[in-house]
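Here is what each chain is made of, one letter per residue.
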Amino acid sequence: MAAEILESVPEHGGGQAAVTTLRRSTESAVLAALQLLSSDAPPPIPRLTDETREGCLEFARRGIPLDQVLRGVRLGHARLAHDLAAAIEEHVPAEDRLTELRQITDLLFGYADIHASLMAEEYIAERDRWRGSGQAARRAIVDELIAGRPIDSQSATRRLGYDISLTHIAAVMWVDDSQITTPSAELLHHTAGAMARTLHAAGMMLIPANETGTWVWFALPGEKATDPAEQLRSGLARPEGVHAALGPPARGPHGMRRSHLCALQAQRIAFLMDGDWLCNYLEHRLVALATKEPEHARWFVQDTLGPLASEGDRMWELRETLRVYLDEERSLRAAGERLHVARNTVTYRVKRAEELLPRSAPTAKALELRLALEIAQTLGVRDWGMEAKRPR
């Protein structure tokens, strides 16, 4: 249902955290509707679930038009009605179907009507509160900047309280550990401050993105020679429950936009990986570029690697050995040192991996082969013949 809403109303998207919020809101609304339908007692007056209310507040803060929000609601209820009708067709005896369908349709129509009205009321109230806040004014400037529209740099610097003319590193941060008791906003702000101190940043700007995520920019006083990601990993203890995707350093307003958009791509990769708390775009930009369309990327890996894309630790080991061997310019010694195995082991694994490749894959397709291996290694999906792992 959430996927259908995103396809028809793309404004609901805007990053993995936004998609997660929509999915939570949709799921809770469906469960509330099913609970209403399954009760033998007179139907109570529906109310918004906490998850639906959170989603509604986020839609208002992100400036998604109310008509688009309500369109998403209509699409969701239409899908639920369709699936319930299909369930009646499958499970209810023919002589009882019409009665059952009418009863469910009446209840569901009433629920959908009240649900949409409550969402509209919540949305309008939050939109009015948000428009009157200084935070909304800052977010509006940032949205203009990210959209690539021209802005007055001096005015924007003054209103943001952040010098946009410097060199910037953008980070997209989020909390995904349900066991964390500290409020997400407090935890994210604390971690962002620690990152700013570690980077010796000249300034920091934090813009809340949703209930569990935030956008951050760190201003650097000059061109940085030190790798920011390495600086953070070595100088900062792993923050419990917090993840960050890091964009590349870039200068000025356009640099803020570029670093942020790259950080969003790094976040997409982070959701597909089981890795460090920090995902650095510069370490994964080739895979980010190649996996913009995940299904096409999976087809590419399957077609290029053939049987070598099969599941199992052994196949993963063969793919990784071949990847490192090619990355080391076909040096058996260098590959063995990186993998901490004997040279003969590398020789055997490479030979076995090449035997499993389709006949069209070897030297004439060296670039495609290396890219397919890099995608498989970075995303860590063991079985490329199966559906790719969905984001957490």
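Residues numbered from 1 in each chain as written. Predicted model: local features only at pLDDT ≥ 70, side-chain atom pairs only at ≥ 80, totals over all residues. Heavy atoms only, no water.

Engineer: How would you summarise the side chain of E58 if you had to cite specific residues and measurements?
Structural biologist: Considering the arrangement of structural elements, one finds E58 in helix α3 (residues 50-61). On the accessibility criterion, E58 (3% relative accessible area) is buried. Apart from residues lying up to four places away in sequence, E58 is in contact with A18, T21, A209 and N210. (Helix = DSSP H or I, 4+ residues; strand = E, 2+ residues; numbered from the N terminus. Buried < 20%, exposed > 50% of the residue type's maximum accessible area, 1.4 Å probe, protein only. Contact = heavy atoms within 4.5 Å.)

Engineer: An account of helix α16 (residues 366-379) is requested, with residue identities and associated values reported.
Structural biologist: Taking 1.5 Å of rise per residue, the 14 residues of α16 would be expected to cover 20 Å, and the 20 Å separating its terminal C-alpha atoms lies within 8% of that figure. Buried within α16 are the following residues: L369, L371, A372, L373, I375, A376, T378 and L379. Lining the buried residues of α16 we find α10 (252-272), α11 (281-290), α12 (294-305) and α13 (313-327). (Expected span 1.5 Å × (residues − 1).)

Engineer: Quick one: what's the story with the nonpolar core, residue by residue and with numbers?
Structural biologist: Of all hydrophobic cores here, the largest spans 54 residues; its most connected members are W217, L305, L308 and L322. Residues within four places of L322 in sequence aside, it is in contact with L308, V350, A353, E354, L357 and L373. Ranked by size, the runner-up nonpolar core spans 23 residues in total, among them L187, A192, M195 and L278. (Core = buried A, V, L, I, M, F, W, Y, C linked by side-chain atoms within 4.5 Å.)

Engineer: How would you sum up empty space enclosed by the protein? Please name residues and give values.
Structural biologist: Applying the stated criterion across every chain, the model contains 2 cavities of 30 Å³ or more. Of the volumes computed, that of the largest cavity is approximately 190 Å³. Contributing to the lining of the largest cavity are 20 residues, with T26, A29, G72, V73 and H115 lying nearest its centre. Sorting the residues of the lining of the largest cavity by element identifies α2 (16-38), α3, α4 (66-91) and α5 (94-131) as the ones contributing at least two each. When the residues that make up the lining of the largest cavity are grouped by side-chain class, the tally is 12 nonpolar, 8 polar and no charged. (1 Å grid on protein atoms, 1.4 Å probe; cavity = no way out; pocket = protein on both sides within 12 Å on 5 of 7 lines; lining within 4 Å. Points joined across faces, edges and corners; volume = space filled by probe spheres on them. Nonpolar A, V, L, I, M, F, W, Y, C, P; charged D, E, K, R; others polar.)

Engineer: Before we move on, can you summarise the packing of aromatic side chains with the specific residues and values?
Structural biologist: Aromatic ring pairs: the centre-centre distance and the angle between the two ring planes describe each pair. Scanning the entire structure with this criterion turns up 1 aromatic pair. Their ring planes at 20 degrees and their centres at 5.1 Å tell us that W174 and F271 sit as a pair that is stacked. With a gap of 97 residues between them, W174 in strand β1 (residues 167-175) and F271 in helix α10 connect regions that are remote in the sequence. On the basis of relative accessible area, W174 is assigned to the buried category, the value being 5%. (Phe/Tyr/Trp six-rings, centres within 6.5 Å; stacked < 30°, edge-to-face > 60°.)

Engineer: For the environment of L36, give the residues involved together with the corresponding values.
Structural biologist: Within the secondary structure, L36 is located in helix α2. When the C-alpha positions of L36 and L108 are compared, they lie 8.7 Å apart, and in sequence the two are 72 residues distant.

Engineer: Which residues make up helix α9 (residues 228-235), and what values go with them?
Structural biologist: For α9, the set of buried residues is P228, A229, Q231 and L232. Looking straight down α9, one finds its buried side chains confined to an arc of 160 degrees; they lie on one side. Its buried side turned inward, α9 meets β1, α8 (184-199), β4 (242-246), β6 (278-280) and α11. (Arc of directions from axis to C-beta.)

Engineer: Can you tell me about the packing of α13 against α16, naming the residues and giving the values?
Structural biologist: Remark: α13 packs on α16, axes separated minimally by 10 Å, with the N-to-C direction vectors making an angle of 130 degrees. It follows from the interaxial angle that α13 and α16 lie oblique. Between α13 and α16 lies a crossing of left-handed hand. From α13, R319, E320, L322, R323, L326 and D327 reach across to α16, where they touch L369, R370, L373, E374, A376 and Q377. (Axes fitted to C-alpha atoms, helices over the stretch in contact; angles between N-to-C directions. Parallel < 35°, antiparallel > 145°, perpendicular 65-115°, else oblique. Left-handed = near helix turned anticlockwise from the far one by under 90°.)

Engineer: Would you mind going over unusual backbone geometry in detail, with residue names and values included?
Structural biologist: At E329, a residue that is not glycine, the phi angle is positive and equals roughly 55 degrees. Among the secondary structure elements, E329 is positioned in the loop between α13 and α14 (332-339). Here E329 falls in the exposed class, since its relative accessible area comes to 64%. Positive phi, normally seen in glycine, also occurs at R330, with a value near 65 degrees. Relative to the helices and strands, R330 is located in the loop between α13 and α14. Looking at R330, the relative accessible area reads 42%, which means it is partly exposed.

Engineer: Would you mind going over the confidence of the model for the chain in detail, with residue names and values included?
Structural biologist: When pLDDT is averaged across the chain, the result is 84; 89% of the residues are at 70 or more. Here residues 382-392 is a poorly scored stretch, pLDDT under 50, and it has 39 contacts once near neighbours within four places are set aside; other chains count. (pLDDT = per-residue confidence, 0-100.)

Engineer: Summarise the pairing of strand β3 (residues 213-220); cite the residues concerned and give the values.
Structural biologist: Of all the 8 residues making up β3, 8 are buried; the element is thus mostly covered by neighbouring parts of the structure. Looking at chain direction, β1 and β3 are connected through 8 bridges and run antiparallel. Along β3, the bridge assignment pairs A171 with V216. Across 7 bridges, the pairing between strand β2 (residues 203-210) and β3 is antiparallel. Within β3, the residue paired with L206 across the bridge is V216. Between β2 and the antiparallel strand that follows it, β3, lie 2 residues. (Pairing = 2+ DSSP bridges.)

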